[in-house]
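Below, each chain spelled out in residue letters.
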Amino acid sequence: MSILRSVGPVVAQVSPQEAIRAGFGAFVGLFVTGLFVLSPHVDMTTGLYLVAPFGATSVLLFAIPNSPLAQPWSAVIGNTAAALVGVATCILVPDATLRIPIAVGVAIAVTMLCRAVHPPAGAVAMTAAMSPDAVAHLGFLFALFPIATGTLALVGIAAIYARLTGRRYPFRQFEEPNKHGTASPEPSERLGLSETELSEILERYRQSFNLGVEDLARLIGAAELQAAAHGVGPLTANDFMSKDLITVTPETTLPRVAELFREHRFTSLPVVGREAAFHGVIFQMHLIDWAGQDARNRGLSGAVALKRLFGRDTRRSVRAGDIMKTTGPRASSDTPLAALLPMMANGDVDAVPVLEAGHIVGIVTRTDIIAAMARQLVRKNTVS
């Protein structure tokens, strides 16, 4: 059984949506690169305008864009350097039996020295070594067209596609400003470890080609958060969620929603239908964002728009159902605190609805979590 497990899948399960996102991205990248970028510049008769290694590059760029092997430097420099090595080997070594392994071996060494390891680069060098006629026709121009140009095009398309589909490429740098534009790391990444120390950890365990420093910081932070949750006991959402809820319906007007926010000092309101059927959540920021957009559309200042909103002077056609958020984390009554903590660690959501059979039975807010952890810590200290 252990042998069977060792040869089975080791990659985490992905959703069908993510698989489709990656596959369609590769299609778009190769189609645009081949049709609009390379074909106008490269002699189509050589058959090398859209080389096979670009398929492997697309796997990295669109399926695993966080990999260090997929970053722009690795992709562009790695492929280009390998192309130069392949062409040079093709010119200098006439025997194909020696030429192909020499090209690939030297390409690997060169890309490692350039800190530009990119697996498809080996295939780029091999493509050149196996195509003496094409190399005789293109020479070292092969490294520029199609290799460097095509790789640059794929990288640019991957960056645009990632942004359009909610991913990040190139990956974040360790000291890059957070989503608020400030220099402080995200809460889950405040480790007290420097970039140099994290790099040394990756090097010590020979993982530099598999993880970036920023990814390692995020993983360590998530692990620490999970461990902290275990330390406060086996609490579940049912133990500390708010159960007697104030809710709105999809038809509730925005002035009424604003009035509830102001009256109760909430940061979120569940939107429910008949028999507490869950529809979504309105966060206070949704209301503010809507007011800002409405102000721009009507030529008003933000302050005037908010005043009119809280004063019930707004368009009656806009309802809670129009601005509620229907996606986001969900929990059940038996969801442990260890699973709830990461959902709200970085400030993306203020509350997590607790559902049973599609009906809302409670809601967990940051305040609920802090209070629950504080009570557990007090009990632990009292017992000890």
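Quick caveat: nothing in here was measured; it's all calculated off a predicted structure.

Criteria and thresholds
- Residues numbered from 1 in each chain as written.
- Predicted model: local features only at pLDDT ≥ 70, side-chain atom pairs only at ≥ 80, totals over all residues.
- Heavy atoms only, no water.
- Helix = DSSP H or I, 4+ residues; strand = E, 2+ residues; numbered from the N terminus.
- Buried < 20%, exposed > 50% of the residue type's maximum accessible area, 1.4 Å probe, protein only.
- Contact = heavy atoms within 4.5 Å.
- Areas by Shrake-Rupley, 256 points an atom, 1.4 Å probe, with all protein chains shown as cover.
- Phe/Tyr/Trp six-rings, centres within 6.5 Å; stacked < 30°, edge-to-face > 60°.
- Salt bridge = Lys/Arg side-chain N within 4 Å of Asp/Glu carboxyl O.
- Core = buried A, V, L, I, M, F, W, Y, C linked by side-chain atoms within 4.5 Å.
- Patch = residues over 30% accessible without salt bridge, like charges linked within 9 Å, V, L, I, M, F, W, Y side chains within 5 Å.
- Polar contact = N/O pair within 3.5 Å; in protein donor to acceptor, adjacent residues only side chain to side chain.
- Axes fitted to C-alpha atoms, helices over the stretch in contact; angles between N-to-C directions.
- Parallel < 35°, antiparallel > 145°, perpendicular 65-115°, else oblique.
- Left-handed = near helix turned anticlockwise from the far one by under 90°.
- Nonpolar A, V, L, I, M, F, W, Y, C, P; charged D, E, K, R; others polar.

(A) Molecular detail of the overall build of the chain. Of regular secondary structure, the chain possesses 17 helices and four strands. Counting only residues that meet the buried cut, the chain has 40% of its 384 residues in that class. A fraction of 66% describes how many contacts in the chain between residues 6 or more apart in sequence connect residues 24 or more apart. Per element, the accessible surface of the chain, about 21,000 Å² overall, is 62% carbon and sulfur.

(B) Structural view of the packing of aromatic side chains. Per the counting criterion, the structure on display carries four aromatic pairs. Seen from their ring centres, phenylalanine 31 and phenylalanine 36 are 6.4 Å apart, and the 80 degrees between their planes marks the pair as edge-to-face. When its relative accessible area of 43% is taken as the criterion, phenylalanine 31 is described as partly exposed. Feature note: the residues Phe24, Phe27, Phe31 and Phe36 constitute an aromatic cluster, connected by ring pairs.

(C) Up close: helix α6 (residues 120-129). Where burial is concerned, most of α6 is hidden: eight out of the ten residues are buried. Contacts made by the buried residues of α6 are with α3 (53-63), α4 (72-92), α5 (96-113), α7 (132-138) and α8 (141-164).

(D) Local environment of unusual backbone geometry. Along the chain, phenylalanine 145 connects to proline 146 via a cis peptide bond; the corresponding omega equals 15 degrees. Cis peptide bonds are those with omega within 30 degrees of zero, and the linkage from tyrosine 169 to proline 170 qualifies with -5 degrees. Inspection of the secondary structure assignment puts proline 170 in the loop between α8 and α9 (195-204). One non-glycine residue, arginine 206, lies in the positive phi region at around 55 degrees. Along the chain, arginine 206 falls in the loop between α9 and α10 (213-231). Within the chain, alanine 357 stands out as a residue other than glycine whose phi angle is a positive 55 degrees. Alanine 357 sits in the exposed class, given a relative accessible area of 77%.

(E) Representation of the pattern of salt bridges within the structure. Summed over the entire model, instances satisfying the criterion amount to four salt bridges. Here glutamate 18 ties to arginine 21 by a salt bridge, and the two come within 3.2 Å at their closest N and O atoms. With glutamate 18 and arginine 21 both in helix α2 (residues 16-38) and three residues apart, the pair spans about one turn of that helix. Glutamate 18 gets classed as partly exposed once you look at its relative accessible area, which sits at 21%. Residue arginine 21 is classed as buried on the basis of its relative accessible area of 10%.

(F) How the structure looks around the nonpolar core. One finds Leu61, Phe62, Phe142 and Ile147 to be the most contacted residues of the largest nonpolar core, which totals 34 residues. At the level of elements, α2, α3, α4, α5, α6, α7 and α8 are the ones that each hand at least two residues to this core. Among the elements that line this core, the one with the most residues is α8, at nine residues. Counting residues in hydrophobic clusters, the runner-up holds 23 residues, among them Phe278, Leu337, Ile360 and Ala372.

(G) Structural detail: a nonpolar patch on the surface. Taken together, the side chains of Ile20, Phe24, Phe27, Phe31, Leu35 and Phe36 make up a nonpolar region of the molecular surface, amounting to roughly 670 Å² of accessible area. In this structure, isoleucine 20 sits in helix α2.

(H) Geometry of the side chain of threonine 335. With respect to the element layout, threonine 335 can be found in the loop between α15 (320-323) and α16 (337-344). A relative accessible area of 12% places threonine 335 in the buried class. A polar atom in the side chain of threonine 335 sits 2.9 Å from the backbone nitrogen of serine 332. With near-sequence residues (within four places) excluded, threonine 335 lies in contact with Leu235, Thr236, Ala237 and Leu340.

(I) Quick peek at the environment of leucine 35. As for its position among the elements, leucine 35 is in helix α2. Leucine 35 sits 14 residues away from tyrosine 49 along the chain, and the two C-alpha atoms are 9.7 Å apart.

(J) Looking closely at the packing of α2 against α8. Contact pair α2 / α8: the axes reach a minimum separation of 9 Å and the direction vectors enclose 135 degrees. Put simply, α2 runs oblique to α8. Where α2 crosses over α8, the handedness of that crossing is right-handed. Side by side, α2 and α8 meet where Arg21, Phe24, Gly25, Val28, Gly29, Leu30, Val32, Thr33, Val37 and Leu38 of the first sit next to Pro146, Thr149, Gly150, Ala153, Leu154, Ile157 and Tyr161 of the second. Considered class by class, the residues forming the contact of α2 with α8 number eleven nonpolar, five polar and one charged.

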